[in-house]
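# Coordinate inspection notes
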Amino acid sequence: MMTLTRFAGWPVIAGAGLAGLSAALHLDRPCVVLSPSPLGEDAASALAQGGLAAAIGNDDDVALHMRDTIEAGDGLCDTRAVEAIIGAGPSAIATLLDWGVAFTRKGETDLDLHLEAAHSRARIAHVSGDSSGAGIMQALIAQVRASSRIVVLDGVTLDHIHVIEGRVRGVWLNTGQFIPTNHCILACGGAGALYVGATSPSSNTGRGLAAAARAGARLADMEFVQFHPTALDVETGGGRSPLISEAVRGAGAVLIDETGERFTDELHSRDRVSRAIARHRLDGHRVFLDARSGRGGKGLKQVFSRQFPGIARVCAQYGIDPDRMPIPVRPAVHYHMGGVATDLHGRASVPGLWACGEVACTGLHGANRLASNSLLEAFVMGRAVAWDVNNAARDRHSCQNPIRPPRLSSASFGPQMDRGAGILRDREGLQALTSYLTPLASRDDHALVGAAIASAALRRRESRGSHWRVDGEDSACAGRFHFTLEDIGLQERSLEPA
Ligand SMILES: Cc1cc2nc3c(=O)[nH]c(=O)nc-3n(C[C@H](O)[C@H](O)[C@H](O)COP(=O)(O)OP(=O)(O)OC[C@H]3O[C@@H](n4cnc5c(N)ncnc54)[C@H](O)[C@@H]3O)c2cc1C
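Anyway, here's the lowdown on the structure attached to this text. (Residues numbered from 1 in each chain as written. Predicted model: local features only at pLDDT ≥ 70, side-chain atom pairs only at ≥ 80, totals over all residues. Heavy atoms only, no water.)

### What about the site of the ligand?
- Residues in close proximity to the ligand total 36 residues, the closest being Ser-45, Gly-51, Glu-358, Ser-374 and Leu-375.
- A distance of 3.5 Å separates an oxygen atom of the ligand from a polar atom in the backbone of Gly-17.
- Contact between the ligand and Glu-358: an oxygen atom at 2.7 Å from a side-chain N or O atom of the residue.
- For the ligand, whose accessible area on its own is 1,000 Å², the fraction buried by protein is 97%.
- Mapped by element, the contributors of at least two residues to the shell around the ligand are α1 (18-26), β18 (327-336) and α11 (373-391).
- Examining the composition of the shell around the ligand, we find that 3 residues originate from one element, α11, more than from any other.
- Class assignment of the residues belonging to the shell around the ligand gives a composition of 16 nonpolar, 17 polar and 3 charged. (Near = heavy atom within 4 Å. Polar contact = N/O pair within 3.5 Å; in protein donor to acceptor, adjacent residues only side chain to side chain. Areas by Shrake-Rupley, 256 points an atom, 1.4 Å probe, with all protein chains shown as cover. Helix = DSSP H or I, 4+ residues; strand = E, 2+ residues; numbered from the N terminus. Nonpolar A, V, L, I, M, F, W, Y, C, P; charged D, E, K, R; others polar.)

Written as structure tokens, this is what we have:
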């Protein structure tokens, strides 16, 4: 065992997406950032196409943005979280501009703001059309590289959180090394890659969430997994499925099947369109997005690559020319509303543990995320966590010779997750999934997170937001589910020493 004494007592940030980098940049003391891949790679943040929502337009205000968020959340948003995070939108944009994010402008001063589905105002700040996430990350990475206070450990992941007497005392890394610390900040992203062909990067499998749960942290809203209706339906060799932005449908492209027939209204909400496509595929059809001759004559022919350069580039990699042929699409997991339950400082239920970004659950999104609110949440909550840690006592760590926990596996359960806890769910499928994963959960992180999603989905017998029970009961179940592993019979808090 090797203790990294050089970093002893420093806050450790697990994850280098927008949430992690925002936390690192807002801290006022030296910190370590664990980044499984070189900075900017393998983070969902860098893949975001649409942009970051904030009420900064002349015709907009925070109350309207809050209202849209709460409507999308289908009765389960935590209004305090909505107020705090949506209210921080304008200041988030100001800081990002200060840090050099080149948001696309309209004229000399104003930002060019896009309209997205379910937003009542144009409020999506974006960078270079569909490269918003990459543009934001590029600017933050430059800030991080310029800071001598931030040490980035490339190729390193957090494996376990070391808890003594109910408090975080250190973190174990995949390298077998240990960092003694009283401040662990999880920013590990979502869990989409637990499913087959999600839009998320392959690192988003919920391993950080599993580590937090094993350390005793409460989880919340785990059943709510958002599907995007239009991922590119191509063989990716097990990699993530490229996303075809909703903006393409917004610009006039239509959904058709192999017979050329339309079968749904493309402008319905993300959930409804995903369900319509899932049902049509279950009936044996293939589904395509046709940008050649769109709704109301709004075809995108010849302008597709100008309007959506990033998407056109990806299509070209698979031999698809959207100007000349329909784009094969299918729904894919896109975002996890659930995660490590936190308060508005990002504190988890275990002292010394904070979580921010997609791995966390503040209650902002309720049962369904409003598009482009997640980059905002990642930035704002990364900042909130840092401010809280800045005010925390700088007590000396005192963890000597910790015993290394056993290594956990992370097998692939994608087909089982798709089948049991996909877009259309029922009791039988969820029960089968829970029974399959639960016995594996003590030794496998993916099984643990999958079992937690399935257990919560089984318990919610109604359809709400992104959670659709085909056998759903009429009776509403308006509460949110918060639980620890112990509550759902998956307790593995104190792992046996290796
Ligand atoms: C294709 C796509 C498009 C999207 N478009 C938009 C959009 O337009 N607007 C919007 O608001 N949202 C969008 N989203 C959602 C949004 O990008 C994410 O919710 C957000 O970026 C999450 O940020 P994050 O920092 O929490 O996680 P990420 O950016 O995913 O970063 C997580 C980091 O943690 C690392 N990590 C994982 N496990 C560990 C571990 N055990 N130890 C250490 N590090 C670990 C990862 O490698 C990565 O560096 C999109 C998502 C996708 C997939």
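### Examining the side chain of Asp-290
- Checked against the element boundaries, Asp-290 lands in strand β17 (residues 287-290).
- Here Arg-292 takes part through its side chain, which lies 2.9 Å from a polar atom of the side chain of Asp-290.
- Excluding anything up to four places from it in sequence, Asp-290 contacts Ala-253, Val-254, Ile-256 and Pro-326. (Contact = heavy atoms within 4.5 Å.)

### Description of the pairing of strand β16 (residues 254-257)
- Residues Val-254 and Ile-256 line one face of β16 and the alternating positions Leu-255 and Asp-257 line the opposite face, and both faces are buried.
- Bridge count between β16 and β17: 4 bridges; the pairing is antiparallel. The partner of Asp-257 across the bridge, within β17, is Val-287. (Buried < 20%, exposed > 50% of the residue type's maximum accessible area, 1.4 Å probe, protein only. Pairing = 2+ DSSP bridges.)

### Some details on the nonpolar core
- Counting residues in each nonpolar core, the largest one holds 63 residues, and the members touching the most others are Ile-161, Leu-186, Val-340 and Leu-353.
- Those residues in contact with Ile-161 that lie beyond four places of it in its chain are Val-168, Gly-170, Cys-184, Leu-186, Ala-211, Ala-212, Ala-215 and Leu-353.
- Within the second largest apolar cluster, 55 residues are counted, among which are Ile-13, Ala-48, Ile-86 and Met-137. (Core = buried A, V, L, I, M, F, W, Y, C linked by side-chain atoms within 4.5 Å.)

### Remarks on the packing of aromatic side chains
- For the coordinates displayed, the defined rule picks out 6 aromatic pairs.
- An angle of 85 degrees between the planes, with centres 6.0 Å apart, marks the rings of Tyr-195 and Phe-227 as edge-to-face. Of the two residues, Tyr-195 is situated in the loop between β13 (184-186) and α6 (207-214) and Phe-227 in strand β15 (residues 225-232); the sequence distance between them amounts to 32 residues.
- Given the relative accessible area of 7%, Phe-227 is considered buried.
- The aromatic ring of Tyr-335 is capped on one face by Arg-369, whose charged end is 4.5 Å from the ring centroid.
- Taking NZ or CZ as reference, Arg-460 lies 4.5 Å from the ring centre of Phe-481, over its face. (Phe/Tyr/Trp six-rings, centres within 6.5 Å; stacked < 30°, edge-to-face > 60°. Lys NZ or Arg CZ within 6 Å of the ring centre and 35° of its normal.)

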